[in-house]
Amino acid sequence: MTKQDPIPARLAALKTTPTPELKQQWRELFNSEPPPFNRRYLESRLAYRIQELAYGGLKPQTIRRLERLGEELDGGDRKKSGVRADLMPIVGTRLIREWQGVEHVVTVTADGFDWQGRPYKSLSAIARAITGTRWNGWVFFGLKNHRRRT
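How each quantity is defined
- Residues numbered from 1 in each chain as written.
- Predicted model: local features only at pLDDT ≥ 70, side-chain atom pairs only at ≥ 80, totals over all residues.
- Heavy atoms only, no water.
- Helix = DSSP H or I, 4+ residues; strand = E, 2+ residues; numbered from the N terminus.
- Buried < 20%, exposed > 50% of the residue type's maximum accessible area, 1.4 Å probe, protein only.
- Contact = heavy atoms within 4.5 Å.
- Areas by Shrake-Rupley, 256 points an atom, 1.4 Å probe, with all protein chains shown as cover.
- Salt bridge = Lys/Arg side-chain N within 4 Å of Asp/Glu carboxyl O.
- Phe/Tyr/Trp six-rings, centres within 6.5 Å; stacked < 30°, edge-to-face > 60°.
- Lys NZ or Arg CZ within 6 Å of the ring centre and 35° of its normal.

Caption draft 1: How the structure looks around the overall build of the protein. Broken down by element type, the protein carries seven helices and four strands. Residue burial in the protein is summarised as follows: out of 150 residues, 21% are buried. Across the protein, the fraction of contacts at a sequence separation of at least 24, relative to all contacts at a separation of at least 6, is 27%. Summed over its atoms, the accessible surface of the protein is roughly 11700 Å², and 52% of this surface lies on carbon and sulfur atoms.

As structure tokens, this is what we get:
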């Protein structure tokens with residue numbers, strides 16, 4: 001008779017565990033307060049942590065390799081490392097927005113954005129230059145809905 005691994009059952013139970021209990025598990029497994037993110041995030045991070053503690057985490061050489069690959073992507077710039085690469089439009093993408101009858105074209109560059117031949121680090125700065133008021137640039141150019149989805 002073999003002893004059954006309890007980890008798969010524990011992972012499956014996360015889907016039906018009430019959120020307050022997920023947050024309690026977070027406190028126990030991470031020794032910190034849970035972040036204010038959605039339930040799906042809590043489930044996925046808890047599932048990873050449960051497996052990490054049971055089976056072991058990444059090997060040190062794997063962590064070093066991932067860090068090197070990350071540095072190749074962001075040049076070691078900690079500010080850039082906080083931005084999800086899959087959310088950033090692909091370099092060369094043209095964002096088109098009409099404002100008060102004028103069409104504005106912004107091109108995504110490797111370092112940020114280009115509008116009217118000038119480089120910008122953020123879409124918000126471009127939106128402010130166009131409108132004269134503060135805007136979330138991602139919302140202004142239609143890349144992000146201004147209302148959160150629940």
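There is more to say, and it comes next.
Caption draft 2: Here's a closer look at the pattern of salt bridges. Counting across every chain of the model gives four salt bridges. For Lys-15, the salt bridge identified is with Glu-43, shortest N-O distance 3.1 Å. Of the two residues, Lys-15 is situated in the loop between helix H1 (7-13) and helix H2 (19-30) and Glu-43 in helix H3 (residues 39-55); the sequence distance between them amounts to 28 residues. The class for Glu-43 is buried, based on a relative accessible area of 9%. Here Arg-39 makes a salt bridge to Glu-43, at a shortest N to O gap of 2.7 Å.

Caption draft 3: Looking closely at the packing of aromatic side chains. All chains considered together, the criterion is met by eight aromatic pairs. Between Trp-99 and Trp-135, the ring centres sit 5.9 Å apart and the planes meet at 85 degrees, which makes this aromatic pair edge-to-face. Taken together, the positions of Trp-99 in strand S1 (residues 94-99) and Trp-135 in the loop between helix H6 (123-131) and helix H7 (137-140) put the pair 36 residues apart, joining distant regions of the chain. Of the aromatic side chains, those joined through ring pairs into one cluster are Trp-26, Phe-30, Phe-37 and Tyr-41. A cation sits over an aromatic face here: Arg-97 above Trp-135, 6.0 Å from the ring centre.

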